[in-house]
Amino acid sequence: MVDLRELTFADSSFILDVAIVARRLRRTGRLLLVRHPQPQVWRMIEMVGMHRLPGVIVEGPAPALA
């Protein structure tokens, strides 16, 4: 599991690194759970398409702070 709750910036190279880890986990029969990305990180996840990769489960964006 990767908790991205406090990550405020991610570029495509970071998302690619996470995708590579997900692929390695999938090869061993495991999944990668990505939790609580901030809205700006969630947009990058969507742009790159990481949320559609086999073996990746992304739990929606972190709730906005009040």
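Residues numbered from 1 in each chain as written. Predicted model: local features only at pLDDT ≥ 70, side-chain atom pairs only at ≥ 80, totals over all residues. Heavy atoms only, no water.

Q: Which residues make up the overall build of the protein, and what are the values?
A: A count of helices and strands for the protein gives 2 helices and 3 strands. Moving toward the C terminus, one meets the helices and strands of the protein in the order β-α-β-α-β. Radius of gyration (C-alpha) of the protein: 11 Å, near the 11 Å computed for a compact globule of 66 residues. Judged by the C-alpha coordinates and their principal axes, the protein covers about 40 × 20 × 15 Å. Long-range contacts, defined as pairs at least 24 residues apart, comprise 68% of the intrachain contacts of the protein with a sequence gap of at least 6. Accessible surface for the protein amounts to roughly 4500 Å². Of this, 58% is attributable to carbon and sulfur atoms. A gap of 10 Å separates the mean positions of the 9 positive and 6 negative side-chain charges of the protein. (Helix = DSSP H or I, 4+ residues; strand = E, 2+ residues; numbered from the N terminus. Rg over C-alpha atoms; globule rule 2.2 N^0.38 Å. Contact = heavy atoms within 4.5 Å. Areas by Shrake-Rupley, 256 points an atom, 1.4 Å probe, with all protein chains shown as cover. Lys, Arg positive; Asp, Glu negative; His and termini not counted. Charge placed at Lys NZ, Arg CZ, Asp CG, Glu CD.)

Q: Can you break down the sheet that holds strand β3 (residues 56–59) residue by residue, with the values?
A: Hydrogen bonding along the main chain pairs the strands of a sheet, whether they run parallel or antiparallel. In spatial order, the strands read β1-β2-β3; together these 3 strands make up an open sheet with parallel pairing. Since the sheet does not close on itself, it has two edges, and those belong to β1 (2–3) and β3, each with one partner. (Pairing = 2+ DSSP bridges.)

Q: Kindly report on a positive patch on the surface, identifying the contributing residues and their values.
A: A surface patch of like charges, here positive, comprises Arg23, Arg24, Arg26 and Arg27. Relative accessible area serves as the criterion here: at 36%, arginine 26 is assigned to the partly exposed category. (Patch = residues over 30% accessible without salt bridge, like charges linked within 9 Å, V, L, I, M, F, W, Y side chains within 5 Å. Salt bridge = Lys/Arg side-chain N within 4 Å of Asp/Glu carboxyl O. Buried < 20%, exposed > 50% of the residue type's maximum accessible area, 1.4 Å probe, protein only.)

Q: Kindly report on helix α2 (residues 39–48), identifying the contributing residues and their values.
A: Buried residues of α2: Val41, Trp42, Met44 and Ile45, and no others. Buried positions in α2, seen along its axis, are confined to an arc of 160° and lie on one side of it. Of the surrounding elements, those touching the buried residues of α2 are α1 (12–27), β2 (32–35) and β3. Looking at the residues trailing α2, positive phi occurs at glycine 49, about 85°. (Arc of directions from axis to C-beta.)

Q: Give me the lowdown on the environment of tryptophan 42, citing residues and values where you can.
A: Mapped onto the fold, tryptophan 42 is located in helix α2. In this structure the C-alpha to C-alpha distance between tryptophan 42 and leucine 4, which are 38 residues apart in sequence, comes to 9.6 Å. Once residues within four sequence positions are removed from consideration, tryptophan 42 is found in contact with Pro37, His51, Val58 and Pro61.

Q: Any chance you could break down the nonpolar core for me, citing the residues and the numbers?
A: Counting 15 residues, the largest nonpolar core has Ile15, Leu32, Val34, Ile45, Met50, Val56 and Val58 as its most contacted members. The set of elements that each furnish at least two residues to this core consists of α1, β2, α2 and β3. Here leucine 32 is in contact with Val2, Val18, Ala22, Leu25, Gly55, Val56 and Ile57, once residues within four sequence places are set aside. (Core = buried A, V, L, I, M, F, W, Y, C linked by side-chain atoms within 4.5 Å.)

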